[in-house]
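Now for the letters of each chain:
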Amino acid sequence: MSRDSEDSGDQVAALEAELDGMRRREASFRSRMVQEFLDRGERNTYLRTLHEERAALAGRAEEAPGDMKLLVGKLDAERERAAALQTQIAGITGSWAWRIGAPIRALGGLFARAPAPATIARLMEQAPAEGGIFTYYLHTSPFRIFRGAAFTLRGWVLPQDGSAVTGVRVNLGGRLFVGRVGLDEPEVIARHGPQAKNPSPGFEVAFETPPGRHMLSLEANLEGTEWRSIVTTPIWCVPAPR
Amino acid sequence: MALDRHDTHLVRSRPAMNTADAMGRWQESTSDLAERSAYKKVWDRQAKELDVAMLAVAGRAGEAMDEDTLSLQAKESIDTLRSTVGIGPHDVILEIGCGIARVGKPLSGQCLHWFGADISGRMLSHAARRLEGRPNTTLVELATVGLQEFPGDAFDLVYCTIVFMHLFEWDRYRYVEEAFRVLRPGGHAYFDNFPLDTQHGWQVFKESAGYPLGRRPAHLSMSSTREELRTYLAKAGFEDVRVHDLPSGLIAATGQKPAGVP
């Protein structure tokens, strides 16, 4: 009798353990189902972003011939203006008044004051950083006509000496715009191998694009100590079309 | 979108803030009452810094708030969940409005998997840092009111604590409806708020009433009645709906999704 009750007790315990295991497997399945649902949602979001970027690129491609025409027109106008100024300068330096005043100008040059050190220091602070050697790619190209009030440069960067990129900024004609680094770029890591100091080499930096011509320098801070220019280019910014 | 824990390196650490500073920053971070429905904006503003976020979700910050104090608060919430709806080691749990994972962090050690959803991505970045090293946790930023990011029939327990006071009534019901959808048949739901007829509830009400008319903030706490919570759960389809008077002075409504409802 007691042997029977022991056996049935063992059976109950075994069944309970089996039931517990089954509950656990069922819950694990549901948990994975939620994770996969979330992953799918993220992939859909990523796909939509890619479609939007493709549409934006197509739009930019359509605008490119117009931009080129505009740039050629500006270049021709600048050439004409330069030629007119050259003629004007030749006329001035060839005149009697200019030749007579030459000794006075030379004397004036001797007594001219040097520029104020503070002004120089300020300009030096805002001058583009010296170039460094980087492997980089820009997802959003700066080689374009800028039509909006602001623009965001996105890409990835790896210093060739392997040092850590601890900051990124745009120096636009002396105005500094600080961005953020450490964005994931799994495809870059897959292609270039693990980067000990830059495991997430992506970056983005937003900057204002006031109308006019500016010198843009995209710069990286290395090891938290020095800024180095990744790429420097002149850019044209035009008012946004109404 | 799901927030990966490896995004935490984007969160910049700041020196610890004292209570007075945190209170000042919190005041600065509040939005206007007219923006109450813009939950993402309102709560992202309040979550720029961890101390301010703590003040917003736990009522304390600076030297008055540390992990031990947070754990103590969380224990009370977990004990309440255990006594009202039960918690099992195999449970897959979802918290609506998890904030900095005040409850989720300790609760994740008592269940199979804990999912934390919040409309504020910034809150979740603080939560992600606190949940480092806990693989059975997942954080999800909600795009808007609702749980559209989640599949149906998935969770054993969906709970929402210290959140309803910041929502409009329609949005409270939306979350109850959504909880019903994402629960597995037989799963349990829990929602709490403060009522007017307890000492704590009346105190909160009086403090809120003290704001000048033009300076009421968007997150201002608004009470629920027992009947309101009971109606939400019943209308959403829950059965065995109960309203509990909690020792903290809050009221909580619980219900079970019928076993036969897919």
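Please read all numbers here as calculations on a predicted model, not as lab measurements.

Reading guide: rules and limits
- Residues numbered from 1 in each chain as written.
- Chains lettered and ligands numbered in written order.
- Predicted model: local features only at pLDDT ≥ 70, side-chain atom pairs only at ≥ 80, totals over all residues.
- Heavy atoms only, no water.
- Buried < 20%, exposed > 50% of the residue type's maximum accessible area, 1.4 Å probe, protein only.
- Helix = DSSP H or I, 4+ residues; strand = E, 2+ residues; numbered from the N terminus.
- pLDDT = per-residue confidence, 0-100.
- Contact = heavy atoms within 4.5 Å.
- Salt bridge = Lys/Arg side-chain N within 4 Å of Asp/Glu carboxyl O.
- Phe/Tyr/Trp six-rings, centres within 6.5 Å; stacked < 30°, edge-to-face > 60°.

**Thoughts on unusual backbone geometry**
All names here are of chain B.
Inference 1: One non-glycine residue, A101, lies in the positive phi region at around 65°.
Inference 2: Of the residues examined, A101 reaches a relative accessible area of 0% and is grouped as buried.
Inference 3: A positive phi angle is found at D153, which is not glycine, with a value near 55°.
Inference 4: Inspection of the secondary structure assignment puts D153 in the loop between β4 (137-141) and β5 (155-160).
Inference 5: A residue is classified by how much of its surface remains accessible, and D153, at 30% relative accessible area, is partly exposed.

**Observations concerning the confidence of the model for chain A**
Inference 1: Summary statistics for chain A give a mean pLDDT of 84 and a share of 89% for residues scoring 70 or more.
Inference 2: Contacts from residues 114-124 of chain A, a stretch scored under 50 in pLDDT, to residues over four places away or in other chains number one contact.

**Some points on the pattern of salt bridges**
Inference 1: In total, this model carries 23 salt bridges over all chains according to the counting rule given.
Inference 2: Where E35 of chain B meets K41 of chain B, a salt bridge forms, and the shortest distance between an N and an O atom there is 2.3 Å.
Inference 3: Two residues, K75 of chain B and D79 of chain B, come together in a salt bridge whose shortest N-O distance is 2.9 Å. Pair noted here: K75 of chain B and D79 of chain B are both in helix α4 (residues 67-84), with a separation of four residues, about one helical turn.
Inference 4: For D79 of chain B, a relative accessible area of 37% puts it in the partly exposed group.
Inference 5: Among the charged side chains, a network of salt bridges with common partners joins E26 and R30 of chain A together with D156 and R184 of chain B.

**As for the packing of aromatic side chains**
Inference 1: Per the stated rule, a full pass over the model turns up twelve aromatic pairs over all chains.
Inference 2: With 5.0 Å between their ring centres and 85° between their planes, F146 of chain A and F151 of chain A make a pair best called edge-to-face.
Inference 3: Of the residues examined, F146 of chain A reaches a relative accessible area of 1% and is grouped as buried.
Inference 4: F151 of chain A sits in the buried class, given a relative accessible area of 13%.
Inference 5: Consider the rings of F168 of chain B and W170 of chain B, whose centres lie 5.5 Å apart with planes at 45°: the pair is tilted.

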